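Observations on the model geometry
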Amino acid sequence: MDNSHQAYGQLMAWKRDHLMTLFIWLAALMVAGAFLWLLGDLLVHGATHLSWSFLVDAPENAGRAGGIGSIIVSTLLILTVAMLAAVPLGLATAVLLTEFISATSRFGRLIGMSLDVLAGVPSIVFGLFGNVFFSVYLGLGFSILSGGLTLACMALPIFINTAEAGLRAVPDEWRAGAAALGLSRGAALLHILIPAAAPALTAALLLGVGRAMAETAALIFTSGYVDRMPSSLMDSGRALSVHIYDLSMNVAGGDANAYASALILIVLLMIINGIAQSLSEKLLQRRIITA
Amino acid sequence: MTVIEKNVCCTPSEMSSEAFTLGPLQLGPPCCDPEPHIQIKNLSLSYADKTALSGVSLDIYRGCITALIGPSGCGKTSFLSSLNRLTDMIAGCKIKGEILVDSVNVHAANTDVQALRRRIGMIFQKPNPFPLSIRRNLEMPLKEHGIRDRYVLSHRVEKALTDVGLWDEVKDRLDSPALALSGGQQQRLCIARALVLEPEILLMDEPCSALDPLSSAVVEDLIKSLRGRYTVVIVTHNLAQARRIANYAGFFWMQERTGTLIEFGRCQQIFEAPAHQLTAAYVSGARG
Amino acid sequence: MSRSRTDQPLISVLAISAVIAAAILLLILLFLLRESWPVLNKVGILRFFTDDGWYPLEARFGLAPMLWATLAVGIGAVLVATPLGLAATLFTRFYAPRWLALPFQRMVALLAGIPSVVFGLWGLTVLVPFIAAFEPPGASLLAGILILTIMILPTIALTADAALAAVPEHYLRGSAALGFSRATTILGVLLPAAKAGITGGILLAAARALGETMAVLMVAGNVVQTPTSLFDPIRTLTANIALEMAYATGDHRASLFVSGLMLMGLVLVLAMSASRLGGGRLHG
């Protein structure tokens, strides 16, 4: 090859390498910038309105004033309903998929595929479904129960997926050991496998809670807007995310409280996701120690 | 029942039962006067795509230690797992032939697998105590088999731990996690966990291979002391160990891509006067 | 597999639960169809595409402008988020100084956990006025694209990261042994090797963008029109459902369920192709 040609090629490669480095750094700066901008706004606008009374007081004047006491109660109730419905159903499904049928069997594949698809359904579609099925067809109306059950359907795939992974991470030696002692599968699950997978199952629960808590669109037409303190599960109750939406879109002058609510929502989600993550990491470490 | 004097395979000194609380020797007719406990007739075992074992027939004698030797991958572990139907847990595993334990067909459709496994304990290569306390490891199987009385429970736990020589080491920390024990202690706990159900037969799959030499020697002595009380089938790669502890030995080898039993006989005969040249080559260290 | 008799009741309970879990999807489809049936039966599916406007009370059911708006905002976001998301991954893996890599990655993961309504709030109060300062009204296709970009960027970054992690180590060593520059290694060896996983992640992000409701609803202006410029206010299919469901009745309500079905079809095609490409599971 001609010498000057080669030098030119090297120069181009050098240039390309540097352009690439420049692009990557610029992009990373933009992402970090957007994140910090958003976080900064949340902190600045949100933190100034935070106080203990904001957390416990009832909303006044459509939420412009007062606190979010009743909103937090409604949110917790909706989440409780969602998890009470999703956890037994999800745990049973995960146990069936890991312990009793092979993932490649027709039944296993059918369930797995259906859950995969369910995970991809847009949240507004869950809202439509929850409205017609729970609120209208089952006659639950706009209620905490309708909203919670709708969120249970939404959170089910992520719960099952995480729980399944946790159960699969339990060493097979324990399964063989339990079987060799003549324990029934049920006893092995109850006494050994489920306790051993407990951190992952907790992580699954928390991820499900996180998913449900972040949801807005599925709740507008199921649990509704009412911001009073709910007196039963059949009452409409306004979730925190719906509160943020309503304050910012429909209430002039509600931005400050919307930001404060958003900050609380995010802090709660960060705590939940953080615990979930450290639990799964802990499980991973223990696997390494016992392996 | 009295200890049988004409036993020549197991010298009386080895059978001294003072350390034992599971009772005097009852199971053992002399190994030289064998009575079949497990009869295997023309057993073949295949996984989804390959045959692991074919045409295995032998009798395993009551109260004796039977060692299964041979190179890796020739079906010894598969053979062992088929005896307590642990092969059921492997999808696509098929078994042909017959296995009779006290003339009851193990692989019959109506066999109560849980009751069967209660009679046949199993020890694995890697110690596998459950992630529970030492006490719960032993109590839980008992409770699952319907023993609820607290006095009986604690009594059986102590007996089992004493039998494996672990009682003095752990009696002050029965409620600490079993996984905190050393490897050798864990394996002895697993043996205790099998013994606590008072089985008749013990299957052992290379129980010493994952242990350090000292722990290995302790566990080996323990196994030796089981002779006469239990029918023991042990898979081992350690020929010297087989020779030290076994009354009978079976030699497995790969032939035509499937594991099969080449020779079975008294331990002494297999090691000192093998009938088959493959056996002779293997025990003299020439092959495998 | 052995099923001893004592386990049989347990297995029955588990199987029933699994069937219920799997049946939810079927139930959703059934009820969407049931609710949209009256209007589908009366006017047919075609008129939802051919009618010249969305005046459901006057029996004009043209969803086309909102379909275009949905596609425009979704594709726009994917186009912006893909290079940024890939760059974020490459940054943490190869370019960031050691002390920065982990915090940066944590930050991206955190971004993934922020709920859409918070993005919407921020977009509405910060981004929209910012855009309006240059080109009123601010609430626009552009605002929608930008907000969606921030939202789906972590999806792309995290799936690409998993795909890159799965590239065998010896590819990298081989490339280094040939004396390739960093850019050549990345563009010529790594990205092609991880192509399937990355594409899967992008499709997943696209599905998320098209299915997103709240954030777009809050920043995009919600005027029913086919977008002709980046600064036009638009209304997506999802936003339309959220806005009108509260008061819709009769055929109007049924036609909202039709748009729900349409949306679900759109998103499912994307999600299925994503999982076929092996770009990770849809959830988790």
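Residues numbered from 1 in each chain as written. Chains lettered and ligands numbered in written order. Predicted model: local features only at pLDDT ≥ 70, side-chain atom pairs only at ≥ 80, totals over all residues. Heavy atoms only, no water.

Along chain B, the regular secondary structure elements total 10 helices and 10 strands. Every one of the 288 residues in chain B was classed for burial, and the buried ones make up 55%. Counted over contacts in chain B with a minimum sequence separation of 6, partners at least 24 positions apart contribute 68%. Accessible surface computed for chain B: about 12,200 Å², of which carbon and sulfur atoms make up 49%. (Helix = DSSP H or I, 4+ residues; strand = E, 2+ residues; numbered from the N terminus. Buried < 20%, exposed > 50% of the residue type's maximum accessible area, 1.4 Å probe, protein only. Contact = heavy atoms within 4.5 Å. Areas by Shrake-Rupley, 256 points an atom, 1.4 Å probe, with all protein chains shown as cover.)

For the rest of this paragraph, the subject is the overall build of chain C. Assigned secondary structure in chain C consists of 12 helices and 2 strands. Scanning chain C from its N terminus toward the C terminus, one meets helices and strands in the order α-α-β-β-α-α-α-α-α-α-α-α-α-α. Every one of the 284 residues in chain C was classed for burial, and the buried ones make up 57%. Across chain C, contacts joining residues at least 24 apart in sequence account for 72% of those joining residues at least 6 apart.

Looking now at the packing of aromatic side chains. Going through the model one piece at a time under the given rule, you end up with 19 aromatic pairs over all chains. Between Trp37 of chain A and Phe130 of chain C, the ring centres sit 5.7 Å apart and the planes meet at 75 degrees, which makes this aromatic pair edge-to-face. Highlighted residues: Trp37 of chain A in helix α1 (residues 3-47) and Phe130 of chain C in helix α5 (residues 116-134), drawn from two different chains. Residue Trp37 of chain A is classed as partly exposed on the basis of its relative accessible area of 38%. Plain terms: the ring middles of Phe251 of chain B and Trp253 of chain B are 5.9 Å apart, the flat faces sit at 35 degrees to each other, and that makes the pair tilted. (Phe/Tyr/Trp six-rings, centres within 6.5 Å; stacked < 30°, edge-to-face > 60°.)

Next up on the list: the environment of Leu91 of chain A. Residue and element names in this part refer to chain A. Note that Leu91 resides in helix α3 (residues 69-100). As a C-alpha pair, Leu91 and Leu201 span 110 residues in sequence and 8.3 Å in three-dimensional space. Discounting chain neighbours no more than four positions away, the residues touching Leu91 are Ala86, Phe159 and Leu201.

Here the focus is the interface of chain C and chain A. With 79 residues of chain C at the interface, the matching set in chain A holds 79 residues. A combined buried area of about 7,100 Å² lies between chain C and chain A, and 80% of that area is made up of carbon and sulfur atoms. Taken together, chain C and chain A are joined by 0 salt bridges. Counting every contact that joins chain C to chain A gives 8 residue pairs in polar contact (both at pLDDT 80 or more). The dominant element in the side of chain C that touches chain A, judged by the number of residues it contributes, is helix α1 (residues 8-43) of chain C, at 18 residues. When grouped by side-chain class, the residues that make up the side of chain C that touches chain A number 57 nonpolar, 14 polar and 8 charged. (Buried area = accessible area lost by both parts, 1.4 Å probe. Salt bridge = Lys/Arg side-chain N within 4 Å of Asp/Glu carboxyl O. Polar contact = N/O pair within 3.5 Å; in protein donor to acceptor, adjacent residues only side chain to side chain. Nonpolar A, V, L, I, M, F, W, Y, C, P; charged D, E, K, R; others polar.)

Contacts between chain B and chain A engage 23 residues on the former and 19 residues on the latter. Roughly 1,800 Å² is buried in total at the junction of chain B and chain A, and carbon and sulfur atoms are behind 69% of that figure. By the criterion of area lost to chain A, the three top residues of chain B are Met89, Lys126 and Phe130 of chain B, representing 27% of everything that side buries. For the interface between chain B and chain A, the tally reads 1 salt bridge.

To continue, consider unusual backbone geometry. Residues Pro136 of chain C and Pro137 of chain C are joined by a peptide bond in cis, for which omega reads 10 degrees. Inspection of the secondary structure puts Pro137 of chain C in the loop between α5 and α6 (141-165). The phi dihedral of Asn61 of chain A falls on the positive side, at around 55 degrees, and the residue is not glycine. Positionally, Asn61 of chain A belongs in the loop between β1 (59-60) and β2 (65-66). The class for Asn61 of chain A is exposed, based on a relative accessible area of 52%. Its identity as a non-glycine residue notwithstanding, Ala62 of chain A has a phi of 60 degrees, on the positive side. Tracing the sequence through the fold places Ala62 of chain A in the loop between β1 and β2.

Another aspect to go through is helix α7 (residues 213-226) of chain B. Residues three or four positions apart in an α-helix share a direction because the helix packs 3.6 residues into each turn. All names here are of chain B. The end-to-end C-alpha separation of α7 is 20 Å, in line with the 20 Å expected for 14 residues at 1.5 Å each. Listing the buried residues of α7 in full gives Ser215, Ser216, Val219, Glu220, Leu222, Ile223, Ser225 and Leu226. Against the buried residues of α7 lie β3 (65-69), α4 (150-163), α6 (183-195), β7 (201-205), β8 (231-235) and α8 (239-245). Among the residues of α7, the N-terminal cap falls to Asp212, whose side-chain oxygen and the backbone nitrogen of Leu214 are separated by 3.1 Å. Following α7 by one or two positions, Gly228 has its phi on the positive side, about 95 degrees. (Expected span 1.5 Å × (residues − 1).)

We now examine the pattern of salt bridges. Opposite charge on two side chains lets them pair, provided their charged atoms get close. Residues and elements named next belong to chain B. For the structure on display, the rule yields 26 salt bridges over all chains. In this structure, the salt-bridge partner of Asp175 is Arg135, at a minimum N-O distance of 3.1 Å. Placement of Asp175 in the loop between α5 (167-170) and α6 and of Arg135 in helix α3 (residues 134-144) is noted, with a sequence separation of 40 residues between them. Assessed through its relative accessible area of 56%, Asp175 is described here as exposed. Here Arg188 ties to Glu169 by a salt bridge, and the two come within 3.2 Å at their closest N and O atoms. Taken together, the residues span a long stretch of sequence, with Arg188 in helix α6 and Glu169 in helix α5 at a distance of 19 residues. The class for Arg188 is buried, based on a relative accessible area of 9%.

Further remarks concern a nonpolar patch on the surface. All names here are of chain A. A cluster of nonpolar side chains, Leu19, Leu22, Leu26 and Leu29, forms an exposed patch at the surface whose accessible area comes to about 430 Å². Structurally, Leu29 can be placed in helix α1. Accessibility expressed as a relative area gives 56% for Leu29, which makes it exposed. (Patch = residues over 30% accessible without salt bridge, like charges linked within 9 Å, V, L, I, M, F, W, Y side chains within 5 Å.)

All names here are of chain B. Within the secondary structure, Cys74 sits in the loop between β3 and α1 (76-83). Assessed through its relative accessible area of 1%, Cys74 is described here as buried. Separated by 38 residues in the primary sequence, Cys74 and Asp112 have C-alpha atoms spaced 29 Å apart.

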